[in-house]
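Overview (structure and organization)
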Amino acid sequence: MVTVLRTLLALGPLALASACGAEPQGGVQGGVQGGVAQGAAPNIVILTLDTTRADHLGSYGYFRDITPSLDALAAESLVFERCVAPTASTLPSHTSLLTGATLTEHGVHTNMSFGAQPRWAQWGLRSFAQLALDDGYRTAAVVSASPVKRGTGLELGFLHFDQPEGLERPAAETTDAALAWLEQRSAGPYLLWVHYYDPHQPLEAPEPYGRFEGDAAERAAELTRRGVPEQDWRLRAGGALTSSALVDAYDAEIQYLDSQVGRLVQALRAEPDWDRTAVVVMGDHGEGVGQHGVLEHGSLWWEQVRVPLLMRVPGVPARREDALLGVADVLPTLVAQLQRPALDFGDSASGRDVLARSARDRPLLVSTPGHAIDSEPYGCSLVTPHAQLMLPRQDGPDTPPLLFDLRQDPWQLHDLAPEQPQRVAQLSALLAEPCATLLHSAQQLSSAGEQTEAMRKLSEELRALGYVD
Ligand SMILES: [Zn+2]
């Protein structure tokens, strides 16, 4: 499978960019100086926000003020405009984050609904937590839901791994557990990963969150911009919501989540070593919220694969970054900023520092999650600095390729493919083989793998959460 990736990489960013037609190198590349002096072993806090769309954060231009805590953090962070999930699914995205590897390198194409043991560790990939452990860090993870619990491989390298007894838990309980670990930790630098799950269905934010009044006109305008008609949406958990009520319910969860992130960050700020603490906040994938007829996630649309990414690095001034990066690039980019080579993944994975002086925007391969491969018409996609091409699983009159200009049409309402057949043909030819191999490997992996009792239990929990294999 690594061959697929090597094929793409061997083409090089220039070759791919050239094949993209009028695709200028759109990223801001600056050879940025890192912030924390080498040898000072900074603390590292990683917060992953499940199912949180970038464009519902104030710092990404949302019309509602529902993320004051995240926006305050953004004001002292690198804010990445174009961070892309490898697939709109929880475990693959988290695996890419913690291994610095792409889907083709780590082979985790879906949540553990098939009960397959992850094998990336046997293939020579290392978890960021293992690197940190070897570098003398105290390592801890506090997670909120079954897709990232023990048995998924994400636990590797974490000395402390705190997870809910049941399927999921609300952000307040997760924050409590994270704060408890921070209070009792032993001296020395630490890596803390906290995963929050609340914006995922079912949408059940506690009181008093979600009391949105007086902005119905702005909400209607937002839905119109996105091309979402007012209609009823049947929910997995039962019941139905109108499009407007769906946005409110989703926003209520993000608002609640933000309050808990605020609690945690406030506690971190009160620590004497806050000036040596780096904080990364990342969404694992987005959510449909009615756009393109999709309620949840699992397809290739921009609102589902674009994720928020904030990087607060002591000593590095806040600014916005337009560089295109995949989730696999997030920690290599952070490590370069921290000037901590001991935490570098090395050559085992292809994630790289996108702010390096020599870095150029590299087009990204994005795939439909393994569990949706047989139901989604579009199997994989190429994201360039300006455009997104989606390829159907099989050619046919009902599923022609789709091409969108992400700068001019971020809502993806105007398919350019009929107007630009040459560009589509160029990109399609380039992607046909990698996509076919990627989808084939995903299907193979979905039906293979050893299943332990723990994996069977995890599979049952995932089904109970609504994941269908
Ligand atoms: Zn997720």
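Residues numbered from 1 in each chain as written. Predicted model: local features only at pLDDT ≥ 70, side-chain atom pairs only at ≥ 80, totals over all residues.

**Digging into the confidence of the model for the protein chain**
Per-residue confidence for the protein chain gives a mean pLDDT of 87, with 84% of residues at or over 70. Segment residues 1-32: pLDDT under 50, and 58 contacts once partners within four positions in sequence are set aside and those in other chains are kept. (pLDDT = per-residue confidence, 0-100. Contact = placed C-beta atoms within 7 Å.)

**What about helix H8 (residues 243-269)?**
Taking 1.5 Å of rise per residue, 27 residues should cover 39 Å, and H8 covers 38 Å from first to last C-alpha, within 8% of that figure. Where burial is concerned, most of H8 is hidden: 19 out of the 27 residues are buried. (Helix = DSSP H or I, 4+ residues; strand = E, 2+ residues; numbered from the N terminus. Expected span 1.5 Å × (residues − 1). Buried ≥ 20, exposed ≤ 12 C-beta atoms within 10 Å, placed from the backbone.)

**Things to note about the environment of Gly351**
Its place among the elements puts Gly351 in the loop between helix H10 (330-338) and strand S11 (364-367). Each C-alpha atom of the pair Gly351 and Asp329 lies 4.2 Å from the other, and the pair is 22 residues apart in sequence. Residue contacts for Gly351: discarding those within four places in its chain leaves Gly100, Ala101, Ala328, Asp329, Leu331, Pro332 and Phe345.

**Comments concerning the packing of helix H6 (residues 171-184) against H8**
Running from N to C, H6 and H8 cross one another at 10°; their axes reach a closest spacing of 9 Å. Comparing the axis directions of H6 and H8 gives the class roughly parallel. Of the residues in H8, those touching H6 at Ala171, Ala172, Thr175, Ala178, Leu179 and Leu182 are Tyr256, Leu257, Gln260, Arg263, Leu264 and Ala267. Here the residues of the contact of H6 with H8 are counted per class, giving nine nonpolar, two polar and one charged. (Axes fitted to C-alpha atoms, helices over the stretch in contact; angles between N-to-C directions. Parallel < 35°, antiparallel > 145°, perpendicular 65-115°, else oblique. Nonpolar A, V, L, I, M, F, W, Y, C, P; charged D, E, K, R; others polar.)

**Details of the nonpolar core**
Grouped together as the largest cluster of nonpolar side chains are 116 residues, with contacts concentrated most on Cys83, Val280, Val281 and Val330. Take this core: its biggest share by element is twelve residues, from H8. With sequence-adjacent residues up to four places away left out, Cys83 is seen in contact with Met282, Val307, Leu309, Leu325, Val327 and Val330. (Core = buried A, V, L, I, M, F, W, Y, C linked by C-beta atoms within 7 Å.)

**Comments concerning the environment of Gln304**
Following the sequence through the fold, Gln304 ends up in helix H9 (residues 302-305). Along the primary structure Gln304 and Gln291 are separated by 13 residues, whereas in three dimensions their C-alpha atoms are 9.5 Å apart. Not counting chain neighbours up to four residues away, the residues in contact with Gln304 comprise Ala88, His285, Gly286, Glu287, Gly288, His297 and Ser299.

**A few points about the sheet that holds S11**
Judged by pairing direction, the sheet is antiparallel, and its four strands sit side by side in the order S11-S12-S13-S14 without closing on themselves. Strand pairing shows two members of the sheet lacking a second neighbour, S11 and strand S14 (402-405), which therefore form its edges. Each neighbouring strand pair of the sheet contributes to a mean axis angle of 20°, computed without reference to strand direction. Bridge analysis of strand S13 (residues 387-392) against S14 gives four bridges, and the strand direction is antiparallel. (Pairing = 2+ DSSP bridges.)

**A few points about helix H7 (residues 216-226)**
For H7, a buried count of zero out of eleven residues is recorded, marking the element as mostly open to its surroundings. Looking one or two residues past H7, Gly227 carries a phi angle of roughly 75°, positive in sign.

**With respect to the pairing of strand S9 (residues 306-312)**
Most of S9 sits inside the fold, with seven of its seven residues counted as buried. Of the two faces of S9, both are covered, the one formed by Arg306, Pro308, Leu310 and Arg312 as well as the one formed by Val307, Leu309 and Met311. Pairing geometry for strand S2 (residues 78-84) and S9, over five bridges, is antiparallel. In the sheet register, Leu78 faces S9, and the bridge partner there is Met311. Bridge count between strand S8 (residues 277-283) and S9: four bridges; the pairing is antiparallel. Opposite Met282, over in S9, you have Leu309 as the bridge partner.

**Structural notes on the pairing of S11**
Side chains Leu364 and Val366 of S11 all project onto a buried face; the interleaved residues Leu365 and Ser367 project onto the opposite face, where all are buried too. Alignment of S11 against strand S12 (residues 378-383), held across four bridges, turns out to be antiparallel. When the bridges of S12 are listed, Leu365 appears paired with Leu382.

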